Amino acid sequence: MDRSEGDARLLVRSLAARSRTPGFPPKNPPSNPTTATASQWAAAAAPHEKNPLMKSANAPVSSSSTAPRRPRLRAGLLLAAACAGLGVMAQAPSARADLVIAKGETWEVSTNGRVNAFLSYITGDGYPAKNAGQTHNLAAGAGLESFQTDKDNKLSTLRLRSGFLGNVLGFSGKLKIADRTTATTHFEIWNTIGTSRSKAAVNAPDIRQGYAKLEGPWGSLLAGRSLALFMRGAISLDFNYQHGNGLGYPCASDNSDPTCGMVGYGVIFAGFNPQLTYTTPKVGGLELSVGLFDPVNAPGKYEATPWPRIEGELDYDAEFLVSGVKSNFHAFANGMVQTMREQGNPDRVPRMPYEPQSTTPWGVNVGFWAEIFHVRAGFSMFQGKGLGMNNAFENTPAVFDSDPGVDINGNPHTPQAPQPRKFDGYYAVLGLNLHPISLNAGYGITRVFATDNDFVAAKMNNFDPIKTQQGISAGVNYAIGEHLVLALEYFHADHTWYFNDKQRLNVVNTGLTVLW
């Protein structure tokens, strides 16, 4: 089974199978450990058989929180992805398989899922736009805004909420259609326990994944909604080594969405998108996935999307012995590109004279993780244009600039279409597995590069775009059996705008996750 189908369910299933101390790594590992489900790992751990079928969807981790929110609220992530601190990692003494609810000679129906709850305490600075004497116009789409501030714009609030993934209920159907060919269907419902501080609020389910997949000796073909390929490696690293059974950065203090983990701090959430993705058979540890994805526009800016988005990922897996102990290494490189253009005949012409313009956002993400003895380490970096702080193509003012119609010296010129800003990010994590306890520490940073138009806007109207978001996360997990994980975390966030506006936050999270 390829990663394009497996990552999401791997995230949903946690690292329980991977983090057990005895018998890890398994003698017959799945073709791709990043995407393998718990049932795959269980089968792989047995010396007499290997089960190549995975039932996962592509949902790493970020949370539904990474969907765009109101302009100034930090988008929360699902998953997806994530480069932060001493986060959480699930552990279990033995592998957990999907719960099979019906089975025939050539077919099988199973379920998997999780439920979690956390206490999350946030303290620190309120959004800088509310500081006394503030004259800068801060760009929305970064930092954390909250109603829970005092007269001095200091924030302090305690929430009871879901974690990085929220609650998940998944169902899979697997059918053997030929001697070496199988068809798998999978869908997942996501939800949270939060109420957005409204006692009677309706908590609607989110159908996060739904896809069909054909798999054979020729590779696999996935059609439907699942985890995207761009940033899949980074978000998987965050889930696997830090926040898979934790909370991380809360994204926001007043809504009910799942949280961000390390998303916004060296990690962009990959997202669950409609796609048609082919994955090659694994050869020499290498596996290539290439897909066509439903295009995304930029409302009010570039709304025409003539062609699908192209995404791809190359993965490499290796196992080796270190002083007689099995260890493993995984490397990834992924990317995406998409063209979008302005409408040919908009209802409101944005400038005169008007000639529709186009832009081509792009992004690349490379990294690795490794497990040697009880030590785990990983690194990820990304770069691109027109991306966003939390989600690729997010609809916030942090992504595109605005042409004020004059240059830095005040000389007028013909206005141009909004230009995408450049983004990059870095994430490093180090962990220690001392079953049933696991420890992690990490750091992540996302940087935004201001354009010439931004500096003109700053001179004209005190516009202040976001410059960096840095995060440090630390955590400890304690596994009780294979179905319950307790977590305690600390997260420090540091947000800086170009003209020295700052926001610093400290977060303490504790809670539990029940998995099956």
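Up top is the structure these notes are about.
To keep things clear, this report deals only with the structure shown in the data block. Remember, predicted model here, so these are calculated numbers, not experimental data. (Residues numbered from 1 in each chain as written. Predicted model: local features only at pLDDT ≥ 70, side-chain atom pairs only at ≥ 80, totals over all residues. Heavy atoms only, no water.)

Re the overall build of the chain
Scanning the chain from terminus to terminus reveals five helices and 24 strands. Relative to its full complement of 516 residues, the chain shows a buried share of 57%. Total accessible area on the chain is roughly 19200 Å²; 62% of this is exposed by carbon and sulfur atoms. (Helix = DSSP H or I, 4+ residues; strand = E, 2+ residues; numbered from the N terminus. Buried < 20%, exposed > 50% of the residue type's maximum accessible area, 1.4 Å probe, protein only. Areas by Shrake-Rupley, 256 points an atom, 1.4 Å probe, with all protein chains shown as cover.)

Examining the pairing of strand S12 (residues 286-293)
Along S12, the buried face is formed by Glu287, Ser289, Gly291 and Phe293; none of Leu286, Leu288, Val290 and Leu292, which line the opposite face, is buried. Bridge count between strand S11 (residues 272-279) and S12: five bridges; the pairing is antiparallel. The residue of S12 that forms the bridge with Gln275 is Phe293. In this structure, the hairpin formed by S11 and S12 is closed by a connection of six residues, where Gly284 is found at a positive phi of approximately 60°. (Pairing = 2+ DSSP bridges.)

A few points about the nonpolar core
In this structure, Ile235 and Tyr249 are the most contacted members of the largest nonpolar core, which totals 53 residues. Every element with two or more residues in this core is listed here: helix H4 (232-241), strand S14 (325-337), strand S19 (422-434), strand S23 (484-497) and strand S24 (502-515). (Core = buried A, V, L, I, M, F, W, Y, C linked by side-chain atoms within 4.5 Å.)

What about the side chain of His495?
Of note, His495 is situated in strand S23. Owing to a relative accessible area of 0%, His495 belongs among the buried residues under this scheme. Here the side chain of His495 touches Tyr265 through a polar contact of 2.6 Å, side chain to side chain. Apart from residues lying up to four places away in sequence, His495 is in contact with Gly143, Leu144, Tyr249, Tyr265, Thr468, Gln469, Asp501, Lys502, Gln503 and Leu505. (Polar contact = N/O pair within 3.5 Å; in protein donor to acceptor, adjacent residues only side chain to side chain. Contact = heavy atoms within 4.5 Å.)

What to know about the side chain of Asp454
Its location among the elements puts Asp454 in helix H5 (residues 452-461). A polar side-chain atom of Asp454 sits 2.9 Å from the main-chain amide nitrogen of Thr451. Leave out the neighbours within four places in its chain, and Asp454 touches Asp401, Arg421, Phe463 and Pro465.

Brief notes about the packing of aromatic side chains
For the coordinates displayed, the defined rule picks out 11 aromatic pairs. An aromatic cluster is present here, built from Trp190, Phe269 and Phe272 joined pairwise through their rings. Of note, Arg208 hangs over the ring of Trp190, and the distance from its end group to the ring centre comes to 4.8 Å. In this arrangement the basic side chain of Lys467 is found over the ring face of Tyr498, its NZ or CZ atom lying 5.5 Å from the centre. (Phe/Tyr/Trp six-rings, centres within 6.5 Å; stacked < 30°, edge-to-face > 60°. Lys NZ or Arg CZ within 6 Å of the ring centre and 35° of its normal.)

A word on the pairing of strand S9 (residues 206-216)
With nine bridges joining them, strand S8 (residues 181-191) and S9 adopt antiparallel strand pairing. Residue pairing across strands places His186 opposite Tyr211, the latter belonging to S9. Note that S9 and strand S10 (residues 219-227) share seven bridges and pair antiparallel. Each bridged residue has a counterpart across the sheet, and for Tyr211 the counterpart in S10 is Gly224.

Structural notes on the environment of Gly471
With respect to the helices and strands, Gly471 occurs in strand S22 (residues 466-480). The buried category is assigned to Gly471, whose relative accessible area is 0%. Placed 22 residues apart in sequence, Gly471 and Ala493 show a C-alpha to C-alpha distance of 4.6 Å.

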